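# Residue-level structure breakdown
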Amino acid sequence: MSNHRKRLKASDVFRESKHVFGKKVSFEEAFPEIEDIVISVEESGRKINKWNYKHTYTKQNFPGEYIDCSNPLCYNGGFSIGKILRDMVKEKLTELETLELCQGYEGSPKGKKYYKKCLNQFKIRVSIKYKKTAK
Ligand SMILES: [Zn+2]
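In short, a report on the structure. (Residues numbered from 1 in each chain as written. Predicted model: local features only at pLDDT ≥ 70, side-chain atom pairs only at ≥ 80, totals over all residues. Heavy atoms only, no water.)

## A few points about the pattern of salt bridges
With the rule as written, the count across this model stands at seven salt bridges. Between Asp12 and Lys6 there is a salt bridge whose closest N-O contact spans 3.3 Å. Here Asp12 falls in the buried class, since its relative accessible area comes to 14%. Between Lys83 and Asp87 there is a salt bridge; the shortest N-O distance is 2.9 Å. Taken together, the residues span about one helical turn, with Lys83 and Asp87 both in helix H3 (residues 81-91) at a distance of four residues. Overall, Asp87 belongs to the partly exposed group, its relative accessible area being 32%. (Salt bridge = Lys/Arg side-chain N within 4 Å of Asp/Glu carboxyl O. Buried < 20%, exposed > 50% of the residue type's maximum accessible area, 1.4 Å probe, protein only. Helix = DSSP H or I, 4+ residues; strand = E, 2+ residues; numbered from the N terminus.)

## Here we look at the sheet that holds strand S4 (residues 74-75)
With antiparallel pairing, three strands are arranged side by side in an open sheet as S4-S7-S8. Where the open sheet ends on each side, the last strands, each with one partner, are S4 and strand S8 (114-117). Sheet analysis places strand S7 (residues 105-107) next to S8, joined by three bridges and oriented antiparallel. If you follow Glu106 over to S8, its bridge partner there is Lys116. (Pairing = 2+ DSSP bridges.)

## Structural notes on the coordination of the zinc ion
Bound to the zinc ion on the protein side are Cys69 (SG), Cys74 (SG), Cys102 (SG) and Cys118 (SG), at distances that span 2.3 to 2.4 Å. Relative to the metal, the four donor atoms surrounding the zinc ion lie at angles of 102 to 121°, and the coordination shape comes out tetrahedral. Each donor residue of the zinc ion lies on one chain, and together they are spaced C-x4-C-x27-C-x15-C. Grouping residues by exposure puts Cys69 and Cys74 together as buried. (Donors = N, O, S within 2.8 Å, 3.2 Å for Na, K, Ca; no water. Tetrahedral: all angles 85-135°; square planar, octahedral: opposite > 155°, others 65-115°.)

## Considerations on the nonpolar core
Counting 24 residues, the largest nonpolar core has Ile39, Ile81, Leu85 and Val126 as its most contacted members. Ignoring sequence-local partners within four residues, the contact set of Ile81 consists of Ile39, Phe62, Pro63, Gly64, Glu65, Tyr66, Ile67 and Ile124. (Core = buried A, V, L, I, M, F, W, Y, C linked by side-chain atoms within 4.5 Å. Contact = heavy atoms within 4.5 Å.)

## Description of the environment of Leu96
Within the element layout of this structure, Leu96 appears in strand S6 (residues 95-101). Judged by relative accessible area, which is 24%, Leu96 ranks as partly exposed. Residues Leu96 and Ile84, spaced 12 residues apart in sequence, show a C-alpha to C-alpha distance of 9.2 Å. In contact with Leu96, other than residues within four places in its own chain, are Ile84, Met88, Ile124, Arg125 and Val126.

## Brief notes about H3
Residues of H3 that are buried: Ile81, Gly82, Ile84, Leu85, Met88 and Val89. The arc that holds the buried residues of H3, viewed along the axis, is 160°, so those residues lie on one side. Among the exposed residues of H3, those oriented more than 90 degrees off its buried face are Lys90 and Glu91. Contacts from the buried residues of H3 go to helix H2 (27-30), strand S1 (34-45), strand S3 (66-68), strand S5 (78-80), S6 and strand S9 (121-130). Structurally, the start of H3 carries an N-cap: the backbone nitrogen of Lys83 is 3.0 Å from a side-chain oxygen of Ser80. (Arc of directions from axis to C-beta. Polar contact = N/O pair within 3.5 Å; in protein donor to acceptor, adjacent residues only side chain to side chain.)

## Observations regarding the environment of Gly64
Structurally, Gly64 is set in the loop between strand S2 (48-58) and S3. Taking the C-alpha atoms as reference points, Gly64 and Ser11, 53 residues apart in sequence, are found 7.8 Å from one another.

Listed below in structure tokens is the structure:
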């Protein structure tokens, strides 16, 4: 068996899991109170020389529940941006800077063998503009 098969990332595992959400919801359905959002993510770790792997996400290209890590050996890698946003919305936060560690581990392609914890980490900046509700 080749050792270079693509490992499933957090978003893949989430997509394949039967017991979490039954269906994928759109950003509007998940976060109806958000008018606008900018998320920027920098990653550091394996395959990345320094904090230079920057992605910017908005409502238009929102990645979904998880943002994946870039370590090719990492299984179930990434972090839950959905959870961060839900916590922010609960507190009505508009700005947040945080550091997340990858939840995955380096393992065999299907994740059966555990070699070591993935050390990739993410610097995340979120800026939210809330809708003015008439409630
Ligand atoms: Zn990882």
